[in-house]
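# A closer look at the structure
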Amino acid sequence: MQHKPDAIQHSPILPGATLGLLGGGQLGRYFVIAARTAGYEVWVLDPDPYAPAAHFASRHLCAAYDDPDALKELGNHCAAVTTEFENTPASAMAQLADHYDCAVRPSAQAVSIAQDRIREKQFFQLCDLPVGHYSVIRSPADIPAALSSLSFPAIIKTARFGYDGKGQVRVANSEEALTVLQNNLDLIPCVIEQQLDLATEISVVLGRSESGEIQCFPVSENQHKDGILDISILPARVNHQIAEQAREMAKIVAHKLDYVGVMAVEFFLLKDGNILLNEMAPRPHNSGHATIDAGTCSQFEQQVRLVCGFAPESPAPVPAAVMVNILGDSWGEDGVSPAWEYLLSNPQTRLHLYGKREPRKGRKMGHFTVLGTDQNQVIGVALSLRAALQGH
Ligand code: ATP
Ligand code: MG
């Protein structure tokens, strides 16, 4: 992929300018709100006419991510372009960087590594960072060797386009893996990961500027359900040394990618005390949503600053915050909304809904954040509100 050698010479972008966003989901919605609050215009490219970010955008280009006319519009009008999910084609970002006078942050190169699990794992290893045991299957011919070099149970993960546990199949043994792969050739190319004995999971969301300055948000402790993030607890209940180790590893990834913008690195903490990298996201992250309501600077305000070429703000520590995702599963069979009054009548709680029309099972429809000073109390409130919402 070719990049302009002068790509690092853009001067800071000031309010009044237009920013471009590839993708219009909930992460984009918060980016748009933060950017427009600071006086920027934002054009969003997303093929979905009901894209959550479109409600707040200055303009919604409703077209495919690789639509040449839409990219031309963005390239000609936007001072900078960023992305809000890793499945926008990196080639569209490369095209914008190569042919137009707009800053593309993060780079197409960084996004292309993050959107392919094989390249991502190899990149972590290249950085000398620890990952769990895995095999690569690029074509059906690789299956026998890949399966024989692995311990089971394991998880097959398609190399591209997976998110929220999609494109993943858990398999108990080698025979089952063989059957799954033979019957689902569209999973290939893929990785097969040994299922790890997790004590917990944590993530580091950070912002890095063009000059290499990094600021990390508080380390988040993440609990998943059915492969989808359920709850994030800030700050993570891990000792200082583990938190520092995770921050240092995330910084290595950001520096080696020459990353500009906000990104996240997810970690597995094993029962044997080891810490391994799981994956990264070239954008703000679901586990950083509590920063919207807690602390001094949200991950989206940080993204705006960095995309516009400013130094990252130093986020204040968060005393205690818990974010709980609200999935489409919380809606009744007949489409009846959850009992929002449970959440809204609690003064420690902030409700966020993304404006999605269809509450499908497993679809992230919103989240709520519980804030306070006593972590146990905040976790208790979050769990009881979550139960009340689901019991509805
Ligand atoms: P998301 O987009 O929500 O981050 P994803 O689809 O990219 O999810 P992963 O992060 O790879 O998927 O996996 C989702 C979750 O499944 C992990 O956070 C973890 O809870 C569990 N998981 C994934 N891989 C493993 C593994 N090798 N061993 C144990 N648990 C795993
Ligand atoms: Mg993940």
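Only a predicted model underlies this, so the values are computations on that prediction, with no experimental measurement involved.

Once rolled over the atoms, a probe with the size of a water molecule shows which space is left empty. Tallying each qualifying case throughout the model produces 1 cavity of 30 Å³ or more. Its boundaries defined by the atoms lining it, the largest cavity holds a volume of some 40 Å³. Together, Lys121, Gly132, His133, Glu193, Gln194, Leu196, Phe268 and Leu277 line the largest cavity. Per-class residue counts for the lining of the largest cavity are 3 nonpolar, 3 polar and 2 charged.

Quick look at the nonpolar core now. Core analysis: the largest hydrophobic core is formed by 36 residues, its most contacted members being Ile202, Val253, Leu257, Met263, Phe267, Leu277 and Met280. Elements with a contribution of two residues or more to this core: helix H4 (108-114), helix H5 (117-126), strand E10 (198-208), strand E11 (214-216), helix H8 (240-257), strand E14 (261-270) and strand E15 (275-281). With 8 residues, the single largest contributor to this core is H8. In this structure, Val32, Ala35, Val304 and Val307 belong to the second largest nonpolar core, which totals 22 residues.

Note on the magnesium ion (ligand 2): its protein donors are Glu266 (OE) and Glu279 (OE). The metal-donor distances range over 1.9 to 2.2 Å. You can see Glu266 sitting in strand E14 and its partner Glu279 sitting in strand E15, a full 13 residues away along the chain. By relative accessible area, which is 17% here, Glu279 ends up buried.

The 4 strands lie next to each other as E6-E9-E7-E8, forming an open sheet whose pairing is antiparallel. The sheet is open, and its two borders are formed by strand E6 (134-137) and strand E8 (168-171), each paired with just one other strand. Each neighbouring strand pair of the sheet contributes to a mean axis angle of 20°, computed without reference to strand direction. In this sheet, E8 lies alongside strand E7 (residues 154-158) in antiparallel orientation, the contact comprising 4 bridges. Bridging from a neighbouring strand, Ile156 pairs with Val169 of E8. Its contacts with the sheet place H5 against E6, E7, E8 and strand E9 (190-194), and it is angled at close to 55° to E9.

Turning our eyes to something else, we now look at the confidence of the model for the protein. As a note on interpretation, predicted positions should not be read in detail where pLDDT is low. Overall, the predicted model of the protein reaches an average pLDDT of 95, with 97% of residues at or above 70. Predicted confidence is poor over residues 1-8, with pLDDT under 50, and the contacts of this stretch with residues over four places away or in other chains come to 15 contacts.

Given 3.6 residues to a turn, an α-helix orients residues that are three or four positions apart in the same direction. Turning to helix H3 (residues 90-99), its buried residues number three or more, namely Ala90, Ala92, Met93, Ala94, Leu96 and Ala97. At its buried positions, H3 is contacted by strand E1 (18-22), helix H2 (68-77), strand E4 (80-83), strand E5 (103-104) and H4.

Scoring rules and cut-offs
Residues numbered from 1 in each chain as written. Chains lettered and ligands numbered in written order. Predicted model: local features only at pLDDT ≥ 70, side-chain atom pairs only at ≥ 80, totals over all residues. Heavy atoms only, no water. 1 Å grid on protein atoms, 1.4 Å probe; cavity = no way out; pocket = protein on both sides within 12 Å on 5 of 7 lines; lining within 4 Å. Points joined across faces, edges and corners; volume = space filled by probe spheres on them. Nonpolar A, V, L, I, M, F, W, Y, C, P; charged D, E, K, R; others polar. Core = buried A, V, L, I, M, F, W, Y, C linked by side-chain atoms within 4.5 Å. Buried < 20%, exposed > 50% of the residue type's maximum accessible area, 1.4 Å probe, protein only. Helix = DSSP H or I, 4+ residues; strand = E, 2+ residues; numbered from the N terminus. Donors = N, O, S within 2.8 Å, 3.2 Å for Na, K, Ca; no water. Pairing = 2+ DSSP bridges. Axes fitted to C-alpha atoms, helices over the stretch in contact; angles between N-to-C directions. Contact = heavy atoms within 4.5 Å. pLDDT = per-residue confidence, 0-100.

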